Amino acid sequence: MQPVIAWFSQVVVVTLLNLRTIRQRLGSSAVAIVGIAGVVATFVAVLSMAEGFRATMATTGSPDTAIVMRSGSDSEMVSILLREDVRIIADAAGVRRGANGPMASGELFVIVDLLKRSSSTTANVSLRGVSPSAFEVRPNVKIVQGRMFESGRNELIVGRGAAAQFSGIELGRTLKWGQNQWTVVGIFDAGGTLSDSELWCDAGVLQPAYRRGTSYQTVFAKLESPEAFTRFKDALTTDPRLNLKVMRETDYFAEQSQMVSTLITTLGSIIALLMGIGAVFGAVNTMYSAVASRTREIATLRALGFGGGPVVVSVLAESALLSLVGGVIGGAIAYAGFNGFQTSTINWQSFSQVAFAFAVTPGLIAAGMSYALVMGLLGGLLPAVRAARLPIVSALREL
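Residues numbered from 1 in each chain as written. Predicted model: local features only at pLDDT ≥ 70, side-chain atom pairs only at ≥ 80, totals over all residues. Heavy atoms only, no water.

**Quick notes on the pattern of salt bridges**
Counting across every chain of the model gives 19 salt bridges. The residue arginine 87 makes a salt bridge to glutamate 84 at a minimum N-O spacing of 2.4 Å. One end of the pair is arginine 87 and the other is glutamate 84, both in helix α3 (residues 83-90) and three residues apart, which spans about a single turn. Classification of arginine 87 as partly exposed rests on a relative accessible area of 40%. (Salt bridge = Lys/Arg side-chain N within 4 Å of Asp/Glu carboxyl O. Helix = DSSP H or I, 4+ residues; strand = E, 2+ residues; numbered from the N terminus. Buried < 20%, exposed > 50% of the residue type's maximum accessible area, 1.4 Å probe, protein only.)

What follows is the structure in structure tokens.
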């Protein structure tokens, strides 16, 4: 037990000695801190984009809401349902009934062009035709400015996220797509969900405007309870008249977010890795400089009986401390600069823009700090080994 206590005592003594001399090496230490801070800030900022996109898609769904598409469809875009299909779905077992009948909305959407406010470039935006029960299916959607569109008229309501990201869709504006003119009569808030990125109109008006006949693409159905999903699904998938795919809304939108989230995370990780290699070299140079400036001190301690292990640990501890300081600074920069930042990106599975906010979460900050610590330990490893192997006699002769 005594040797173990002595070893830890040596570690504490040498580490405190190293830390007290950091002030004499502020320049080189600052270079390492800034390098690691830059890597962590970039790493957290890029991943916060994926986290924000994933959060927007995940909060869109509700466990007591089902989405129905044609069998074999992986998104609304490639699905098609006939009017009779929609009627059968609305009357299926498990669908909640309200004062106006089944809470099921037959819907279709098309892609329209709008200019992004940030870059004035053209972007794809979803124009969704909905049935009268759409607001019952999505109770979180509320009109916050203007009014609801009237059935049978070329009128639009605009999601708050779309209104913030795209120009030309202000309240009262008139737009022309194809042979039709549309008037923006309201702005709605969908609580930060995917619907905030869309424009809504009457499905009965959108169908002939885009030559869709009486067809739809999906049905969103509010169920009696989350447990009613199995009964609802079984009723539709066993009906010989139908050929349908039934999913919980939560599962569908989680699946829709995978491609973009994976792409952003992969690119962000590659960028952070390349930048991290540079930061590690910066840490190596810093710690080599630190070891070189304390050659005689280290040799003296070794001559007094201090082992090589405590010297290695002390150098790694200093490198880890500098990296954690850089990690804290980088995390703070990412949080201050990007958390809540509103933007939009294309969802490649629907080929339309999704407005969302960057989300710098505690988990991302922790990941950034862990990455900073790994860079610091890697940067301090070789200098630490060199310090432990310094020839005592020759080192004492150095000035």
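**With respect to helix α7 (residues 229-237)**
Those residues of α7 lying buried are Phe229, Phe232 and Leu236. Viewed along the axis of α7, the buried residues span an arc of 70°, placing them on a single side of the element. In this structure, the buried residues of α7 make contact with β1 (65-70), α3, β12 (218-222) and β13 (244-248). (Arc of directions from axis to C-beta. Contact = heavy atoms within 4.5 Å.)

**Quick look at the environment of cysteine 201**
With respect to the helices and strands, the residue cysteine 201 is situated in strand β11 (residues 199-202). When its relative accessible area of 0% is taken as the criterion, cysteine 201 is described as buried. Setting aside chain neighbours within four positions, we find cysteine 201 in contact with Leu127, Arg128, Gly129, Val130, Phe149, Glu155, Leu156, Trp182 and Leu206.

**Looking at unusual backbone geometry**
Negative phi is the rule for most residues except glycine; trans is the rule for most peptide bonds. The phi dihedral of serine 120 is positive, around 60°, even though this residue is not glycine. Its place among the elements puts serine 120 in the loop between β4 (104-116) and β5 (122-130). With a relative accessible area of 56%, serine 120 lands in the exposed category.

Shape descriptors only; they carry no functional weight alone.
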